[in-house]
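Fold and contact review
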Amino acid sequence: MKRGHGETWDPQPQSQPPSGSCEGPSMVDKMADDSNMDELLEVLGYKVRSSEMAEVAQKLEQLEMVLSNDDVGSNVLNDTVHYNPSDLSNWVETMLSELNNPESSDLDPTRISEYGLSAIPGLSAFPKAEEGADEEASSKRIRLESVGSWGDPAVDSTRPRPVVVVDSQETGVRLVHALVACAEAIQQQDLNLADALVKSVGTLAASQAGAMGKVATYFSQGLARRIYTSDLLSGGSHVGPSFEEALQMHFYESCPYLKFAHFTANQAILEAVTTARRVHVIDLGLNQGMQWPALMQALAVRPGGPPSFRLTGVGPPQTESSDSLQELGWKLAQFAQAIGVEFEFKGLAAESLSDLEPEMFQTRPESETLVVNSVFELHRLLNRSGSIEKVLTTVKAVKPSIVTMVEQEANHNGVVFLDRFNEALHYYSSLFDSLEDSYGLPSQDRVMSEVYLGRQIVNVVAAEGTDRVERHETLAQWKVRMGSVGFDPVPLGSSAFKQASMLLSVFAGGDGYRVEENDGCLMLGWQTRPLITTSAWKLAGA
Amino acid sequence: MSSKRTRMVEKSNNKRQRVDLVSEFSINDHHDVLVEILRRLDGPSLCSAACVCRLWSAVARNDSIWEELCFRQVSPRPSLSIRSIVSALGGYRRLYFLCIRPVLERLPKIIWSRDQLQLSLSLYCVHYYERLYVGAWLGDAPPSSLMFLRKPVNVV
């Protein structure tokens, strides 16, 4: 997980609010980068030179010994301000020197001065860091039995109050651990433990800023839904299809994934229809049809003039009051007219793709070149056995020249819940990370994109059976499946790769995006993790 | 405005006739020449030129100037069929501001081949389609997939 530079450090809400002289360290003021800082500790936010590690560890041990002694010495921790605990060795130095040389007896917090003020012990906000390089090491909490007042100078200071302070820089790690532990508990049907854990996850997630917190919130919602609803089939709030489409539209705008999908698929289609005079595209998930204006334009500038373009779009069943498919067709027709492409549209409303039969498409094989396109649609069919085979057989039956397919690159369809959970956690963490880095976006887009992805998360985690539609599979799995039905892969050319690279390099926050070519298919990923894959197929032996 | 100066000339038949002296040449009289000159400018200079006066601002809206600017670095030169499409989508000036200039700013050394041009045109299409057809449906804010490219510049 990537840490945001701008994240400030908030103490755990459970702790007594520290105030006064302790400055909360903030990640914003990083020290000058010293390249021999230990990397693992740096992830947690502490800068320790690798060469000094042994020393720092020793000093931390000393500190712990002193602090755990329940004597006045520990309360002499003073009113000097400690800055920058991420510079661990200096910080520990100052702590130790304060402890060894209490400055003056004035600092005895049990003594209440004439103004009713007493010293505020300075340790409340500074927990110890982990020693050593082990990120997985158990986090240490500091319990301070303190005789002294804490934030409020006017309070009578004789009551000792135990304080548990947890460093939220490590809550990120603890959050992941808690999520996985909760999933494990569910896997083992230990719902009581899972119940307890999911509550703590919720609290931790709420206090964690940034992408990790958002992801964790959605995962904890999914887990909670899984624990608390006896009927596992109702694993997702049902909203109308137009809301889904609106969410996907926001997702389209706020990040490059869908654009990448559309442009690379379009390029594959263009290369397959170079000589066709009539092109018929069947879109298995029309949504708002954002993919097709660009394809029509590319066809229009083809040397030799544009072919006639026919689009059959499949969408969800229409309500009586609105026929959004027809409206969409009308909008696309207007666009086609503006750029001078002959256009024909047909909308097919179907509850599920497996309801479609080859005759419904009314193909004209003698005169037109057929293309089948599916963006994030095929994985939904894996919820019922036989659906995907039926659909792929239907696709084969219409004899397309090329089938373009875009799917998420992850295995969220494993049989074992825990495996699915872990895989999804990593996948969506990367995805949310990439959203986080896009700056300058209208926030509504990003928020709605997060809702869009959150719904997927809840579906992966909480739903079962036919309700679980987000059954993503990896490219390798799809290759096997497509091969067994009778499709051969068509490699995507360098044009698609170049366009994708250019798209990403101009995208705001584009440093983390990566385009990879994988055996003829293009994968778009964030940092090292591939997230979506575009592939193209043709009939075997064609 | 040109200033014409004339003088009286003695003609052979003793009639006086006014003859124009070589009038001062003013570029503002010759819009086509002005267009030819502006076509050779680069982006920032062209924008400065468009701020000179109202006449120049109007002349600078001539789309062929912006077409030249958009495609100057593209090789091979795109076919003429693009012209009608780009005009339908809003013209070269808008294409330049929305799609070409941000790309040039981010990637100054980019080699403009057919693929890069195709991508810019695709983005332009998306923008046009969104603006006209998707905006009302989504509600208040007009969507723009190109927000990631654009800085807030008022492009009319």
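About the cut-offs
- Residues numbered from 1 in each chain as written.
- Chains lettered and ligands numbered in written order.
- Predicted model: local features only at pLDDT ≥ 70, side-chain atom pairs only at ≥ 80, totals over all residues.
- Heavy atoms only, no water.
- UniProt positions renumbered as here; feature names shortened; annotations may be inferred.
- Buried < 20%, exposed > 50% of the residue type's maximum accessible area, 1.4 Å probe, protein only.
- Helix = DSSP H or I, 4+ residues; strand = E, 2+ residues; numbered from the N terminus.
- Pairing = 2+ DSSP bridges.
- Salt bridge = Lys/Arg side-chain N within 4 Å of Asp/Glu carboxyl O.
- Contact = heavy atoms within 4.5 Å.
- Buried area = accessible area lost by both parts, 1.4 Å probe.
- Axes fitted to C-alpha atoms, helices over the stretch in contact; angles between N-to-C directions.
- Parallel < 35°, antiparallel > 145°, perpendicular 65-115°, else oblique.
- Nonpolar A, V, L, I, M, F, W, Y, C, P; charged D, E, K, R; others polar.
- Core = buried A, V, L, I, M, F, W, Y, C linked by side-chain atoms within 4.5 Å.
- 1 Å grid on protein atoms, 1.4 Å probe; cavity = no way out; pocket = protein on both sides within 12 Å on 5 of 7 lines; lining within 4 Å.
- Points joined across faces, edges and corners; volume = space filled by probe spheres on them.
- Domains from an automatic or database assignment.
- Expected span 1.5 Å × (residues − 1).
- pLDDT = per-residue confidence, 0-100.

By the naming in an unreviewed UniProt entry, chain B goes by F-box protein SNE and is assigned to Raphanus sativus.

In the annotation of an unreviewed UniProt entry, chain A is listed under the name DELLA protein and assigned to Raphanus sativus. The UniProt entry for chain A carries the following comment under Function (unreviewed entry): "Transcriptional regulator that acts as a repressor of the gibberellin (GA) signaling pathway. Probably acts by participating in large multiprotein complexes that repress transcription of GA-inducible genes." Under the UniProt heading Subcellular location (unreviewed entry), the entry covering chain A gives this text: "Nucleus".

What follows covers the pairing of strand β4 (residues 308-315) of chain A. Residue and element names in this part refer to chain A. When you tally the buried positions in β4, you get eight out of eight residues, the bulk of the element. Burial along β4 is two-sided: S308, R310, T312 and V314 facing one way and F309, L311, G313 and G315 facing the other are all buried. In the sheet, strand β3 (residues 278-283) pairs with β4 via six bridges, with the strands oriented parallel. Paired with I282 across the bridge in β4 is T312. In the sheet, β4 pairs with strand β5 (residues 343-349) via seven bridges, with the strands oriented parallel. Within β5, the residue paired with L311 across the bridge is F345.

All names here are of chain A. If you walk through the whole model with that rule in mind, you get 24 salt bridges over all chains. Residue R420 is joined to E464 by a salt bridge in which the shortest nitrogen-to-oxygen separation is 2.6 Å. In this pair, R420 is assigned in helix α13 (residues 417-436) and E464 in the loop between α14 (443-462) and α15 (475-485), connecting sequence segments 44 residues apart. With respect to burial, R420 and E464 carry one shared label: buried. Here E450 ties to R446 by a salt bridge, and the two come within 3.5 Å at their closest N and O atoms. Remark: R446 and E450 occur in helix α14; sequence separation between them is four residues, near one turn of the helix. Taking relative accessible area as the criterion, R446 reaches 23% and is therefore assigned partly exposed.

A few words on the interface of chain A and chain B. Between chain A and chain B, the contact holds 34 residues from the first and 33 residues from the second. Where chain A abuts chain B, roughly 3,300 Å² becomes buried across the two surfaces, and 70% of that area is made up of carbon and sulfur atoms. Inspection of the region where chain A meets chain B yields one salt bridge. Across the pair D115 of chain B and K498 of chain A runs a salt bridge, and its minimum N-O distance is 3.5 Å.

Moving on: the pairing of strand β7 (residues 402-408) of chain A. Residue and element names in this part refer to chain A. Of all seven residues making up β7, seven are buried, and the element is well covered by its neighbours. Going residue by residue along β7, you find I402, T404, V406 and Q408 tucked away on one face and V403, M405 and E407 tucked away on the opposite face as well. Across five bridges, strand β6 (residues 369-375) lies against β7 in parallel orientation. Its bridge partner being in β7, V371 is matched across the sheet by I402. Alignment of β7 against strand β11 (residues 529-539), held across six bridges, turns out to be antiparallel. Counterpart to Q408 in the pairing with β11 is I532.

The subject of this paragraph is the packing of helix α5 (residues 81-89) of chain B against helix α6 (residues 91-106) of chain B. All names here are of chain B. Remark: α5 packs on α6, axes separated minimally by 7 Å, with the N-to-C direction vectors making an angle of 75 degrees. What the angle tells us is that α5 and α6 run roughly perpendicular. Facing I82, R83, V86, S87 and L89 of α5, the residues of α6 in contact are G91, Y92 and L95. Partitioned by chemical class, the residues of the contact of α5 with α6 number five nonpolar, two polar and one charged.

This next bit is on the nonpolar core. In this structure, F219, Y257, W292, F309 and I532 of chain A are the most contacted members of the largest nonpolar core, which totals 138 residues. Per element, the largest residue contribution to this core is eleven residues, and it comes from helix α7 (residues 114-138) of chain B. Setting aside anything within four residues of it in sequence, one finds W292 of chain A in contact with N266, I269, V281, D283, L286, F309, L311, L332 and N373 of chain A. In terms of nonpolar packing, the next biggest core, distinct from the first, is built from 26 residues, W478, V485, W537 and L539 of chain A among them.

This part is about unusual backbone geometry. Residue and element names in this part refer to chain A. The phi torsion at Q362 lies on the positive side, around 50 degrees, for a residue other than glycine. Inspection of the secondary structure puts Q362 in the loop between β5 and β6. The residue K399 is not glycine, and still its phi comes out positive at about 55 degrees. Tracing the backbone shows K399 in the loop between α12 (387-397) and β7.

Our focus in this paragraph is the layout of surface pockets. Left-over empty space is what a probe sized like a water molecule reveals as it rolls over the atoms. All names here are of chain A. Approximately 1,400 Å³ is the volume found for the largest pocket. Together, 46 residues line the largest pocket, and E244, E351, R380, V469 and E470 are the ones closest to its centre. Where the lining of the largest pocket is concerned, the elements lending two or more residues are α7 (211-228), α8 (241-254), β4 and α14. The dominant element in the lining of the largest pocket, judged by the number of residues it contributes, is α14, at seven residues. Class assignment for the residues of the lining of the largest pocket results in 17 nonpolar, 19 polar and ten charged. No fewer than three residues from each of domain 1 (168-230) and domain 2 (241-409 + 472-491 + 533-539) sit in the lining of the largest pocket.

Here we come to α8 of chain A. Residue pairs three or four apart in sequence face the same way in an α-helix, which turns once every 3.6 residues. For α8 of chain A, which comprises 14 residues, the first-to-last C-alpha distance of 20 Å matches the rise-based estimate of 20 Å (1.5 Å per residue) to within 8%. Buried residues dominate α8 of chain A, accounting for ten of its 14 residues.

What follows concerns the confidence of the model for chain A. All names here are of chain A. The pLDDT averaged across chain A works out to 77; a share of 72% of its residues lies at or above 70. Across residues 103-113 the pLDDT falls below 50, and counting only partners more than four positions away or on other chains, this stretch makes 18 contacts in the model. Within the model, pLDDT remains below 50 along residues 124-159, and this stretch shows 93 contacts once partners closer than five positions in the same chain are excluded.

Attention shifts here to empty space enclosed by the protein. All names here are of chain A. Across all of its chains, the model carries eleven cavities of 30 Å³ or more by this definition. What the largest cavity holds in volume is close to 170 Å³. Q248, H262, L286, N287 and Q288 are, among the 16 residues lining the largest cavity, the residues nearest its centre. Looking at the lining of the largest cavity, the elements that each hand over two or more residues are α8, α9 (257-272) and β6. Looking at which element gives the most residues to the lining of the largest cavity, the answer is α8, with three residues. Considered class by class, the residues forming the lining of the largest cavity number seven nonpolar, eight polar and one charged.

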